[in-house]
Amino acid sequence: MSDELDLVLHVWRQPKRGAEGKFVRYTVKGVSTHASFLEMLDILNEQLVAKGEEPVAFDHDCREGICGMCSLMINGRPHGGRRGTTACQLHMRFFKPGDEIWIEPWRAAAFPVIKDLCVDRTAFDHVISAGGFITANTGSAADANDVLVAKEHAEAAMDAAACIGCGACVAACPNGSAMLFVAAKLSHLHQLPQGQPERARRTLAMVSAMDAAGFGNCSNHYECEAACPKDISREVIAELNRDYARATFVHRERKHESGGTG
């Protein structure tokens, strides 16, 4: 088998936000099977620039599966559909000579296309700013062993913290829901003792921010779990639903006790 591929690419081209877009057909030759998918796009852009054409805009940064920037739908699957793999970790050895590859941006109402394959994921920032943090007094760092954390809680928190905020869960969901993302961020904090004092407030604030950002409702398709490159479990969604029900009840009771003033 040859170490080089000749491929046909159908790439979504859209000049700016709100403009009409379309798929454009390109041919790339001599792509090494050792190259990553993003390196293949680099080769395409080099060819386009050499011909005086506009290169394809796509998001990337670390190229190590950490930053979550490589937001690509590849043949209709977020990140190409290989389990536990981001687009930047997807290698061309998984494709065959002559393959036709369809490449497009995330498709979700809350992620408007900026240009070509780049989308605006500011909505995630709004959700995080609403409560994705722990309020603590500043000062000298506390000793690492001052607050004991059970092993199972520490491991669960680390599993949830693996979320890189790429948005694959939103792109995969038929409803464009961000439940897996929000639930992972909440679970990360709620597994730890430090996250307990603001647990109810944080849950209500982040869910409200998620709804305000225009994400769809979760209807338990679980496409989010299948598409997540970090294998975040859908169990965090169940945890979020329990927290939200509890926080809503407590908030309603407190509002009733205060005579409806807050």
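From a predicted model like this one, the values you see are computed outputs, not experimental measurements.

Quick notes on the rules
Residues numbered from 1 in each chain as written. Predicted model: local features only at pLDDT ≥ 70, side-chain atom pairs only at ≥ 80, totals over all residues. Heavy atoms only, no water. Helix = DSSP H or I, 4+ residues; strand = E, 2+ residues; numbered from the N terminus. Buried < 20%, exposed > 50% of the residue type's maximum accessible area, 1.4 Å probe, protein only. Contact = heavy atoms within 4.5 Å. Areas by Shrake-Rupley, 256 points an atom, 1.4 Å probe, with all protein chains shown as cover. Lys, Arg positive; Asp, Glu negative; His and termini not counted. Charge placed at Lys NZ, Arg CZ, Asp CG, Glu CD. Axes fitted to C-alpha atoms, helices over the stretch in contact; angles between N-to-C directions. Parallel < 35°, antiparallel > 145°, perpendicular 65-115°, else oblique. Left-handed = near helix turned anticlockwise from the far one by under 90°. Nonpolar A, V, L, I, M, F, W, Y, C, P; charged D, E, K, R; others polar. Core = buried A, V, L, I, M, F, W, Y, C linked by side-chain atoms within 4.5 Å. Pairing = 2+ DSSP bridges.

## Description of the overall build of the protein chain
Part 1 of the argument: Each helix and strand counted, the protein chain has eight helices and seven strands in total.
Part 2 of the argument: A principal-axis box enclosing the C-alpha atoms of the protein chain has dimensions of 70 × 40 × 35 Å.
Part 3 of the argument: Across the 262 residues of the protein chain, 42% fall into the buried class.
Part 4 of the argument: For the protein chain, the share of sequence-separated contacts (at least 6 apart) that also reach a separation of at least 24 residues comes to 69%.
Part 5 of the argument: For the protein chain, the computed accessible surface area is about 13,900 Å², with 51% contributed by carbon and sulfur atoms.
Part 6 of the argument: Distance from the positive charge centre (28 side chains) to the negative charge centre (33 side chains) of the protein chain: 4 Å.

## A short note on the packing of helix H3 (residues 151-161) against helix H5 (residues 179-190)
Packed helix pairs are specified by the crossing angle of their axes together with the interaxial distance, meaning the distance between the axes.
Part 1 of the argument: The geometry of H3 relative to H5 is characterised by a closest axis approach of 8 Å and an angle of 150° between their N-to-C directions. When the axes of H3 and H5 are compared, the pair comes out roughly antiparallel. The crossing of H3 and H5 is left-handed. Where H3 approaches H5, its residues Ala157, Ala160 and Ala161 are matched on the opposing element by Ala184, Ser187 and His188.
Part 2 of the argument: Each residue belonging to the contact of H3 with H5 can be placed in one class, and the counts come to four nonpolar, two polar and no charged.

## Observations regarding the nonpolar core
Nonpolar side chains tend toward joint burial in soluble globular proteins.
Part 1 of the argument: Phe111, Val127, Val170, Leu180, Val182, Met210 and Phe215 are the most contacted members of the largest nonpolar core, which totals 36 residues.
Part 2 of the argument: Among the elements that make up this core, the one with the highest residue count is H5 (seven residues).
Part 3 of the argument: The contact partners of Leu180, leaving out residues within four places of it in the chain, are Cys169, Cys224, Glu225, Cys228, Ile232, Ser233, Arg234, Val236 and Ile237.
Part 4 of the argument: Residues Leu7, Leu72, Ile74 and Cys88 belong to the second largest nonpolar core, which totals 28 residues.

## So, the sheet that holds strand S1 (residues 4-13)
Strands pair in a sheet through their backbones, by hydrogen bonds, and they do so in one of two ways: parallel or antiparallel.
Part 1 of the argument: Strand order in this open sheet of five strands is S2-S1-S5-S3-S4, and the pairing throughout is mixed. At either margin of the open sheet sits one strand with a lone partner, and together these are strand S2 (22-32) and strand S4 (77-78).
Part 2 of the argument: Strand direction decides the pairing type here: S1 and strand S5 (residues 100-104), joined by four bridges, are parallel. For Val11, the partnering residue across the bridge sits in S5 and is Ile103.
Part 3 of the argument: Contacting S1, S2, strand S3 (73-74) and S5, helix H1 (residues 37-50) crosses the sheet at an angle of about 105° to S2.

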